[in-house]
Amino acid sequence: TKEIVSKPKGAKGISIRLGKHLTGWAIFDNEQLVKYGIFEAGGGDDDDRINQIRIWLNSMIINYSPDLIAFEGIQL
């Protein structure tokens, strides 16, 4: 099932597609695409890559001050 989240009009958001090595992201402001890219976690074990993603995501939040963050559903 998909969870539907309503957002306020004019909200700024970050959309994230998590991956073990590559993480796609996009910044939206009032539903307009502002910026997008890929974050690549370097080598190391899973714990190291997760820590790199955590640090990167924290910097995205500080730099863009989003009203919401949406993550793609994770496949197990």
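Refer to the preceding data block for the structure.
As the structure is a computational prediction, the values presented were derived from the model and not from experiment.

Chemist: Which residues make up the packing of aromatic side chains, and what are the values?
Modeler: Taken as a whole, this structure holds one aromatic pair when the rule is applied. Between Phe39 and Trp56, the ring centres sit 5.0 Å apart and the planes meet at 15 degrees, which makes this aromatic pair stacked. Of this pair, Phe39 sits in strand β3 (residues 32–40) while Trp56 sits in helix α1 (residues 46–64), and the two are 17 residues apart along the sequence. Side by side, Phe39 and Trp56 carry an identical accessibility label, which is buried.

Chemist: Before we move on, could you go through unusual backbone geometry and cite the residues and values that matter?
Modeler: Even without glycine at this site, Asn30 takes up a positive phi of about 55 degrees. Mapped onto the secondary structure, Asn30 falls in the loop between β2 (22–29) and β3. Non-glycine residue Ser65 carries a positive phi angle of around 45 degrees. Considering the arrangement of structural elements, one finds Ser65 in the loop between α1 and β4 (68–71).

Chemist: Outline the pairing of β3, listing residues and values.
Modeler: For a regular strand, the rule is simple: side chains alternate between the two faces of the sheet. Of the strand pairs in this sheet, β2 and β3 are connected by eight bridges, and their pairing is antiparallel. In the sheet register, Asp29 faces β3, and the bridge partner there is Gln32. A loop of two residues connects β2 with β3, the two strands running antiparallel in sequence, and Asn30 in this loop sits at a positive phi of about 55 degrees.

Chemist: Tell me about α1, residues and numbers included.
Modeler: The end-to-end C-alpha distance of α1, which contains 19 residues, comes to 27 Å, matching closely the 27 Å that a straight helix rising 1.5 Å per residue would cover. Residues of α1 that are buried include every one of Arg49, Ile53, Trp56, Leu57, Met60 and Tyr64, and no others. Mapping the buried residues of α1 onto a view down its axis gives an arc of 100 degrees, with all of them on the same face. The exposed set on the far side of α1, more than 90 degrees from its buried face, consists of Asp47, Arg54 and Ile62. Ser65 lies just past α1 and shows a positive phi near 45 degrees.

Chemist: Break down the environment of Gly42 for me, citing the residues and quoting the values.
Modeler: Following the sequence through the fold, Gly42 ends up in the loop between β3 and α1. With 10 residues separating them along the chain, Gly42 and Gln52 place their C-alpha atoms 7.9 Å apart. Excluding residues that lie within four positions of it along the chain, Gly42 makes contacts with Arg49 and Gln52.

Chemist: Requested: an account of the environment of Ile38, with residues and values cited.
Modeler: Within the secondary structure layout, Ile38 lies in strand β3. Exposure remark for Ile38: the relative accessible area of 61% places this residue in the exposed category. Taking the C-alpha atoms as reference points, Ile38 and Ile16, 22 residues apart in sequence, are found 9.6 Å from one another. Sequence-distant contacts of Ile38, that is, excluding residues within four places in its chain, are made with Leu22, Thr23, Gly24 and Trp25.

Quick notes on the rules
Residues numbered from 1 in each chain as written. Predicted model: local features only at pLDDT ≥ 70, side-chain atom pairs only at ≥ 80, totals over all residues. Heavy atoms only, no water. Phe/Tyr/Trp six-rings, centres within 6.5 Å; stacked < 30°, edge-to-face > 60°. Helix = DSSP H or I, 4+ residues; strand = E, 2+ residues; numbered from the N terminus. Buried < 20%, exposed > 50% of the residue type's maximum accessible area, 1.4 Å probe, protein only. Pairing = 2+ DSSP bridges. Expected span 1.5 Å × (residues − 1). Arc of directions from axis to C-beta. Contact = heavy atoms within 4.5 Å.

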